Amino acid sequence: AAVSKPRAASGAGPPLSTPRPASARRADVRVHVRKIYDRAQQLLKRNNLHDSRELLQTCLQLDDSDAHSWLALARVEALTGSLRGARALIAEALIKCPGNVHLMHAGALFDGRMGRLEDARALFKDALAASPGNTYVVHAWGLLEQQAGQVELARELYSRSVVKRPHAPICQAWAALEAMQGNPDLARTLHRQAVELVALDGGGLARGVPAPAERVKLVDGLLTWAEFEHTQGNDETVSELVERALATGAAAAKCHAKLAQLEERSSRVTSARGRFKAAAACDDADASIFNLWASFERRQGKLDEALRILREGSIRFPRDAVLLQSAGTLQERNNNVEAARDLLARSIRCKPRAPAYVAWALLESRAGEYARARQLFDAGFQLEPSHGPLHNAYAAMESRLGNHDAARLIFANASKAHPTPDLWHGWGSLELRLGKTERARWLWARGASAAAHDTSFLWHSLGCLELGGGNMEAADAAFTAGLRRMPRSSPLLLGRARVRIARGDVDGARKVLRQAVNADAAHAHAWQAWGLMEKAQGNTQVAIDLFKRGLAHSPEHGALWQAYGKLEAERRNASGARSLFKQGLQQAPDHAPLVAAWARLELHEGQDEVASVLVRNALAKCGPHPNPRPPELLTLQLQIALRQGDRALARFYFEDGIRSAPKHAPLFRIWALSEEQKGDYAKARVTFEDGLRADPHHAQLYHAWARMEGKLANLDGLAKLAEHARRHFSSQVPARSSASVSGELIINQSLPPQFQLDFPHDADDPLEDDDS
């Protein structure tokens, strides 16, 4: 919004005294403006955007050359959700304050957030021309280039600056870049240099104790260095750095929180909880401490405790948007949808942020309110066009609704402006689900090699894709490439272990799996894979112990409960399996494969009605088509109707099922077998053919059809199937069977939550049996 000039008062008479010099009057105005500006900043700290904006506009009416007020007003405008309005204010300010480096720096940052990279680069260049070597400009420009994947340009900016005038934030940014590029020794040297620079700036090396303001910077530098050393597996160095940070006496809450995170990673849950409590009790605790603590309790399966902590944090920080968003997300998990909507709306009113819009949009999409979800995604995009998780979530929703080209367009437009790793991953995952394997491989390889971020999950996806295709050499190479950058990445270690398992190297796999759970004790899939491997080796008690240890760290992980329950069912311990399935659904109430495993147990035990109720209740929570519904539950629904002899209902379930999951081969197989059983071989043949057209690599469907044609001595039919096998079951394209590994499922598992896509799977665990 443009700032209006004050009008001169009408009817003013001659001065009653000698006018003061113009310079004195300007000084008085500046003092007055400064007082109003300080009041506006206080209001801004309390998230009172309306009154803060009015005061800042008053400042500019009094002095339109005050760059601080222009900059603060632009930031207020951005906080209200108007990046364009903020950028327009910066443009107006640069007319009034030409050559102001702070304004050019801010304008470039806004341009970057809006995806206007060339405009941002031009402003950064102008800012450095006006203030050569300005470290804040170099830092921001380097980060922009890192996010755009321009590694060499970012490295050049950092190195020139450090040679000319070393600056701690630039050393840290350069260290992060080198760590991501697999250069840990240089990264360590830069982290050490950053810490030494902060200590020198505060006089710390000369006097032993840095100045108070510098102590906080020193703590940040030490904790950033500690996080890097954790990724390298240097736990002793991590402890030394964190203890050194604590000894400064500054930022105690942040230090305790970091120690809590390290304790959790080392499986010391009780100690971690104590550290979080200590952090929250510190005078310098801010809202982020309560959010971290609540997230920790959520991971332990204690949703009520997590909500209590968020309420406690909101009492101390009533207008913190992140706390409100976290509470809204947890309320949705507790099925309190209206409370969740209210909290997410309040979060956005306090401070519009793309993550809050994404959380609300996902809530509406799960509720079937797709038009409202699109509105929220669009609002988040207008606010922050470079927010990768928004594009991932939006495209995933459109893909679930069958709008695959719309999903591709979302990714294509987003990647032109900000080609971040999560965008490459999301786009590749979409193409894989649509059967475009080569396109997925190309997208992931491009993202993994070009992005100057943590790309371990892209290497993980590439490795799993090759693993699913039976190319062990390529899979191992991808996991190894990722581990060169992130040697403590538990998902990558799990991928390497899967290669060992596939090669029959059980001892080697066991060693790598131990490394994976040591790197991240909360990585439930690593415990699950290890337990399943031991179970396959006949080491039942070892498998049980591993499942128990995994659940102690990740009690809300449905697939672990499922694997443990299935093991007990296979030991003919039906009551023990039921107990585990029940406990699992209390912790993970929306885990469809867990429901399916329990329902299969009840069918095996002859409790058809119990199985029917389990499946019916789970599907009722999903809502009708086109809401995504788990294919394994749709298949069980069909099986139960056939077992109960209600063929009309079974036909309805089959047609409804393939509408929701048109590529889910088990639905076709079960219906075709029912047609064969009643002697209608022509209809069975049509259904088998439709199923293989939907999923040409489904071995169980193929074998069921071949058995029928063999029984009928249909040589023409068998010849046709032999040709299908030659085309689709060659060594290059492995069949999808109960023994094969589904690349799509492995790829999405084990990833950090922000990189997981929300789409229905055939099963949660790639080693699970197919529907039968």
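Computed from a predicted model, the values in this text were never measured in an experiment.

Undergrad: I'd like to hear about the overall build of the protein, residue by residue, with values.
TA: For the protein, the count of helices and strands is 42 helices and zero strands. Contacts in the protein between residues far apart in sequence, at least 24 positions, make up 55% of those at least 6 positions apart.

Undergrad: Which residues make up the side chain of Asn100, and what are the values?
TA: Among the structural elements, Asn100 can be located in the loop between helix H4 (83-96) and helix H5 (101-113). Asn100 gets classed as buried once you look at its relative accessible area, which sits at 19%. A polar contact of 3.0 Å, which involves the side chain of Asn100, links it to the backbone nitrogen of His102. Once residues within four sequence positions are removed from consideration, Asn100 is found in contact with Ala67 and Leu94.

Undergrad: Any chance you could break down the packing of aromatic side chains for me, citing the residues and the numbers?
TA: For the coordinates displayed, the defined rule picks out 13 aromatic pairs. Taken together, a centroid distance of 5.3 Å and an interplanar angle of 40° make the contact between Phe276 and Phe296 tilted. Taken together, the residues span a long stretch of sequence, with Phe276 in helix H15 (residues 269-281) and Phe296 in helix H16 (residues 287-299) at a distance of 20 residues. Phe296 gets classed as buried once you look at its relative accessible area, which sits at 0%. Ring pairing ties together the aromatic residues Phe411, Trp424 and Trp427, which thus form one cluster. A cation over a ring is seen here: Arg372 above Trp360, with NZ or CZ 5.0 Å from the ring centre. In this arrangement the basic side chain of Arg647 is found over the ring face of Trp671, its NZ or CZ atom lying 4.4 Å from the centre.

Undergrad: Outline helix H39 (residues 681-694), listing residues and values.
TA: Across its 14 residues, H39 extends 20 Å between first and last C-alpha, which sits within 8% of the 20 Å expected from 1.5 Å per residue. The complete set of buried residues in H39 reads Ala684, Thr687, Phe688, Gly691, Leu692 and Ala694. The arc that holds the buried residues of H39, viewed along the axis, is 155°, so those residues lie on one side.

Undergrad: How would you sum up the nonpolar core? Please name residues and give values.
TA: If you look at the biggest cluster of nonpolar residues, it comprises 125 residues, and the most contacted ones within it are Phe377, Phe547, Leu633, Leu638 and Phe688. Considering each element in turn, this core owes the most residues, nine residues, to helix H34 (residues 592-604). Apart from residues no more than four positions distant in its own chain, Leu638 is found in contact with Ala650, Tyr653, Phe654, Leu667, Ile670 and Trp671. Judged by nonpolar contacts, the second largest core, of 82 residues, contains Val33, Ala179, Ala187 and Trp225.

Undergrad: For the pattern of salt bridges, give the residues involved together with the corresponding values.
TA: All chains considered together, the criterion is met by 57 salt bridges. A salt bridge links Arg408 to Asp405, with the shortest nitrogen-to-oxygen separation between them at 3.3 Å. Here Arg408 pairs with Asp405, and both are found in helix H23 (residues 404-417), just three residues apart, close to one helical turn. Judged by relative accessible area, which is 18%, Arg408 ranks as buried. The shortest N-O distance in the salt bridge between Asp476 and Arg500 comes to 3.7 Å. Linking Asp476 in helix H27 (residues 472-485) with Arg500 in helix H28 (residues 490-502), this pair joins segments that are 24 residues apart in sequence. One exposure class covers both Asp476 and Arg500, and it is buried. Here the residues in one salt-bridge network are Arg647, Arg651, Glu675, Lys678, Asp680 and Lys683, joined through shared partners.

Undergrad: Quick rundown of the packing of helix H35 (residues 608-622) against helix H36 (residues 631-643)? Include the residues and the values.
TA: Their axes nearest at 10 Å, the elements H35 and H36 cross at an angle of 145°. In this structure, H35 crosses over H36, and the sense of that crossing is left-handed. Here Asp608, Ala611, Ser612, Val615, Ala618 and Leu619 of H35 come into contact with H36, specifically with Leu633, Leu634, Leu636, Gln637, Ile640 and Arg643. Across the contact of H35 with H36, the residue classes break down as eight nonpolar, two polar and two charged.

Undergrad: Can you lay out unusual backbone geometry for me, pointing to particular residues and giving the numbers?
TA: With a phi angle near 65°, Asn335 is a residue other than glycine that sits in the positive phi range. Looking at the element boundaries, Asn335 is found in the loop between helix H18 (321-333) and helix H19 (337-350). With a phi close to 65°, Arg572 is a non-glycine residue in the positive phi region. Residue placement: Arg572 occurs in the loop between helix H32 (558-570) and helix H33 (574-587).

Undergrad: Kindly report on the environment of His591, identifying the contributing residues and their values.
TA: Among the secondary structure elements, His591 is positioned in the loop between H33 and H34. Residues His591 and Ala559, 32 residues apart in the sequence, show an inter-C-alpha distance of 7.8 Å. Polar side-chain contacts of His591 include one of 3.4 Å to the backbone nitrogen of Ala559.

Undergrad: How would you summarise the packing of helix H31 (residues 540-553) against H32 if you had to cite specific residues and measurements?
TA: H32 packs onto H31 with a crossing angle of 155° between their chain directions and a minimal axis gap of 10 Å. Taken together, the axes of H31 and H32 are roughly antiparallel relative to one another. Here H31 runs over H32; the crossing is left-handed. The residues of H32 that touch H31, namely those facing Thr540, Ala543, Ile544, Phe547, Lys548, Gly550 and Leu551, are Leu560, Trp561, Ala563, Tyr564, Leu567 and Glu568.

Undergrad: Would you mind going over the environment of Val162 in detail, with residue names and values included?
TA: You can see Val162 is positioned in helix H8 (residues 151-164). With a relative accessible area of 10%, Val162 lands in the buried category. When the C-alpha atoms of Val162 and Gly133 are compared, they prove to be 9.6 Å apart, with 29 residues separating the residues in sequence.

Calculation criteria
- Residues numbered from 1 in each chain as written.
- Predicted model: local features only at pLDDT ≥ 70, side-chain atom pairs only at ≥ 80, totals over all residues.
- Heavy atoms only, no water.
- Helix = DSSP H or I, 4+ residues; strand = E, 2+ residues; numbered from the N terminus.
- Contact = heavy atoms within 4.5 Å.
- Buried < 20%, exposed > 50% of the residue type's maximum accessible area, 1.4 Å probe, protein only.
- Polar contact = N/O pair within 3.5 Å; in protein donor to acceptor, adjacent residues only side chain to side chain.
- Phe/Tyr/Trp six-rings, centres within 6.5 Å; stacked < 30°, edge-to-face > 60°.
- Lys NZ or Arg CZ within 6 Å of the ring centre and 35° of its normal.
- Expected span 1.5 Å × (residues − 1).
- Arc of directions from axis to C-beta.
- Core = buried A, V, L, I, M, F, W, Y, C linked by side-chain atoms within 4.5 Å.
- Salt bridge = Lys/Arg side-chain N within 4 Å of Asp/Glu carboxyl O.
- Axes fitted to C-alpha atoms, helices over the stretch in contact; angles between N-to-C directions.
- Left-handed = near helix turned anticlockwise from the far one by under 90°.
- Nonpolar A, V, L, I, M, F, W, Y, C, P; charged D, E, K, R; others polar.
- Parallel < 35°, antiparallel > 145°, perpendicular 65-115°, else oblique.

From the geometry alone we can't say anything about function, so treat these as descriptive.
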